[in-house]
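Examining the three-dimensional arrangement
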Amino acid sequence: MTVQQSPLRELPGDLGLPLIGYSYQFASGRLTASHRWWNQYGPVSRTRALGTTWINVEGPEACGAVLTDRDRVYDASGWAYLIGPFFHRGLMLLDGAEHHRHRRIMQQAFTADRLAGYLTPVNETIAATLARWPGGAMRFYPAVKQLTLDVATRTFMADDVGGAEASRVNAAFTDSVRAATAFVRMPVPGLRWARGLAGRHFLETYLRDRLPAHRTGSGADLFTALCHARSEDGDAFTDDDVVNHMIFLLMAAHDTSTSTLTTMAYYLARYPEWQERCRAESQALDSPEVTYADLDRLVALDLVMKEAMRLVTPVPGVTRRTNRESELLGYRIPAGAYVAVHLWGVHHMADVWPEPERFDPERFAEHRREDKAHRFAFMPFGNGVHKCIGLYFGGMEIKAAMHQLLLRYRLTVPAGYRMPVDWVSLPRPKDGLPIELHRL
Ligand code: HEM
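Residues numbered from 1 in each chain as written. Predicted model: local features only at pLDDT ≥ 70, side-chain atom pairs only at ≥ 80, totals over all residues. Heavy atoms only, no water.

Here we look at the overall build of the chain
Tallying secondary structure elements over the chain gives 15 helices and 12 strands in all. A globule of 440 residues ought to have a C-alpha radius of gyration of about 22 Å, and the chain, at 22 Å, matches this closely. For the chain, the spread of C-alpha atoms along the principal axes amounts to about 65 × 50 × 45 Å. Counting across all 440 residues of the chain, residues that qualify as buried make up 57%. Considering only contacts in the chain between residues 6 or more positions apart, those separated by 24 or more positions represent 73%. Carbon and sulfur atoms form 54% of the exposed surface of the chain, whose accessible area is close to 18,000 Å². (Helix = DSSP H or I, 4+ residues; strand = E, 2+ residues; numbered from the N terminus. Rg over C-alpha atoms; globule rule 2.2 N^0.38 Å. Buried < 20%, exposed > 50% of the residue type's maximum accessible area, 1.4 Å probe, protein only. Contact = heavy atoms within 4.5 Å. Areas by Shrake-Rupley, 256 points an atom, 1.4 Å probe, with all protein chains shown as cover.)

Re the packing of helix α11 (residues 239-270) against helix α13 (residues 299-311)
In contact at an axis separation of 9 Å, α11 and α13 are set at 110 degrees when each is read in the N-to-C sense. If you check the angle between α11 and α13, you find them roughly perpendicular. From α11, T260, T263, M264, Y267 and L268 reach across to α13, where they touch L301, V304, M305, A308, M309 and L311. Taken together, the residues of the contact of α11 with α13 sort by class into 9 nonpolar, 2 polar and no charged. (Axes fitted to C-alpha atoms, helices over the stretch in contact; angles between N-to-C directions. Parallel < 35°, antiparallel > 145°, perpendicular 65-115°, else oblique. Nonpolar A, V, L, I, M, F, W, Y, C, P; charged D, E, K, R; others polar.)

Thoughts on the site of the ligand
Surrounding the ligand, one finds 29 residues, the nearest of these being H99, R103, R320, H386 and C388. Between W79 and the ligand, the recorded distance is 2.7 Å, taken from a side-chain N or O atom to an oxygen atom. Between the ligand and H386 there is a distance of 2.5 Å, counted from an oxygen atom to a side-chain nitrogen or oxygen. Among the secondary structure elements, those contributing two or more residues to the shell around the ligand are α5 (96-106), α11, β5 (317-322) and α15 (391-408). A total of 6 residues in the shell around the ligand trace back to one element, the largest contributor, which is α11. Of the residues belonging to the shell around the ligand, the class tally is 19 nonpolar, 7 polar and 3 charged. (Near = heavy atom within 4 Å. Polar contact = N/O pair within 3.5 Å; in protein donor to acceptor, adjacent residues only side chain to side chain.)

With respect to the pattern of salt bridges
Applying the stated criterion across every chain, the model contains 28 salt bridges. With its nearest N and O atoms 3.1 Å apart, the salt bridge here joins E307 to R363. With E307 in helix α13 and R363 in the loop between α14 (343-347) and α15, the pair connects residues that are 56 residues apart, well separated along the chain. Where R358 meets E355, a salt bridge forms, and the shortest distance between an N and an O atom there is 3.4 Å. R358 sits in the partly exposed class, given a relative accessible area of 40%. For E355, a relative accessible area of 52% translates into the label exposed. The network of salt bridges with common partners includes E307, R310, E355, R358, D360, R363, R368 and E370. (Salt bridge = Lys/Arg side-chain N within 4 Å of Asp/Glu carboxyl O.)

Section: the packing of aromatic side chains
Throughout the structure, instances matching the rule amount to 17 aromatic pairs. For the pair Y267 and F359, a centre-to-centre distance of 4.6 Å together with 5 degrees between the ring planes defines the contact as stacked. Within this pair, whereas Y267 is found in helix α11, its partner F359 is found in the loop between α14 and α15, the two being separated by 92 residues in sequence. Each of the two residues, Y267 as well as F359, counts as buried. Cluster of aromatic residues (ring-pair linked, three or more members): Y266, Y267, Y271, F359 and Y417. Positioned over the ring face of Y331 is R9, at 4.4 Å from the centre of the ring. (Phe/Tyr/Trp six-rings, centres within 6.5 Å; stacked < 30°, edge-to-face > 60°. Lys NZ or Arg CZ within 6 Å of the ring centre and 35° of its normal.)

As for empty space enclosed by the protein
Tallied over the full model, the rule gives 3 cavities of 30 Å³ or more. The calculated volume of the second largest cavity comes to roughly 50 Å³. Forming the walls of the second largest cavity are L130, W133, F140, V144, L147, L261, A401, M402 and L405. (1 Å grid on protein atoms, 1.4 Å probe; cavity = no way out; pocket = protein on both sides within 12 Å on 5 of 7 lines; lining within 4 Å. Points joined across faces, edges and corners; volume = space filled by probe spheres on them.)

Some points on the coordination of the iron atom of the ligand
Among all protein atoms, only C388 (SG) binds the iron atom of the ligand, sitting 2.3 Å from it. Mapped onto the elements of the fold, C388 is located in the loop between α14 and α15. (Donors = N, O, S within 2.8 Å, 3.2 Å for Na, K, Ca; no water.)

So, in structure tokens, the structure goes:
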């Protein structure tokens, strides 16, 4: 709809403190993981944070409308403001015809055949890592973050895992991701923004050094797949494209899977009946590692994964920028506005999800399907043209890891323990998630 069909309402909202607005709440993630705007102003409102004005979009209707973007108003360049210096020209930051062209090429690296090929190094890396875990009391989050990095190192780049260089890669990613919500958005030495830029520089050099070998190689890794990918029209990526996409993909795959695995481990430890149910399914496969065909047989684990992503949404919000003045649910949206789409909020709405704070994986089971209450009730992987290209890879890695973990260990947390979540950038436990692994 265009603005000619007005009268449109002006946006409600408040700009917060002079100059800084709601920057602190925004940077700490407290606004993305709250119902504040919805409760106070409804589905569309405006505020000020991180040096600009934001349109807050809440609820399935408004979030769905922005993501499906029927009128091509909402550009992904909204991301550029937050993460552009660190992840520029990653697929998620491209728009229009260019995005479409790159996505069609990249799709060739995510076909079912490719995914089945990636599963071998995924399984091997998980097995090798879990064999090194001593069991007993541990901080789950840092250990699983290292695990997903090792999986990416092997599966994406066919590089060896472990050692100082892999740790540097891990640190570079963390710095780049966390820089997105930097309060001071200029390179002051020692602060988040500067660390993010240094991380990006390290990753570019690291990948560029390795690019020639992957261009000429025939490995089954993602790096090689991107070097050789051709769309149906014969289009291919340049060297710069490959480096930019690799940096974005490593980031996109890494923290999201880590966050989801951590939330799943937490809830499985708190709800032993679900843990037993998932373990029984894994034991029924009678195989230490899952095959591609096995993945669909881990039904309970799939329910738990969905419920974990609903409760602690790994990407709690996404952003866009309007390319012209437009309308959303009867409100006038100005041109050039940054838009924050609150996915976490959609996943916690009581009129869509009964008892939204309760861990209840069964709500996704066939006989209930609460996720069908609204077309846009459940969007952990987004929606529309930018919907996650790695959702099957992510699900595969998460299930492969959980399958092996549950076959080896019983997971427990202390009675009464509740995981405190840090919402800066992607959600993670403030205390690293202290968990006990009991060898079976
Ligand atoms: C639990 C795991 C994951 C979650 C929750 C997740 C979530 C998301 C979300 C919400 C978006 C949409 C962003 C937007 O609309 O602006 C997205 C996009 C994307 N994701 Fe994922 N992701 C996950 C795993 C992965 C993995 C494993 C990969 C790659 C191997 C990946 C690659 C991408 C890419 C390339 C995009 C951009 C797609 C585009 O713009 O066309 N993601 N992801």
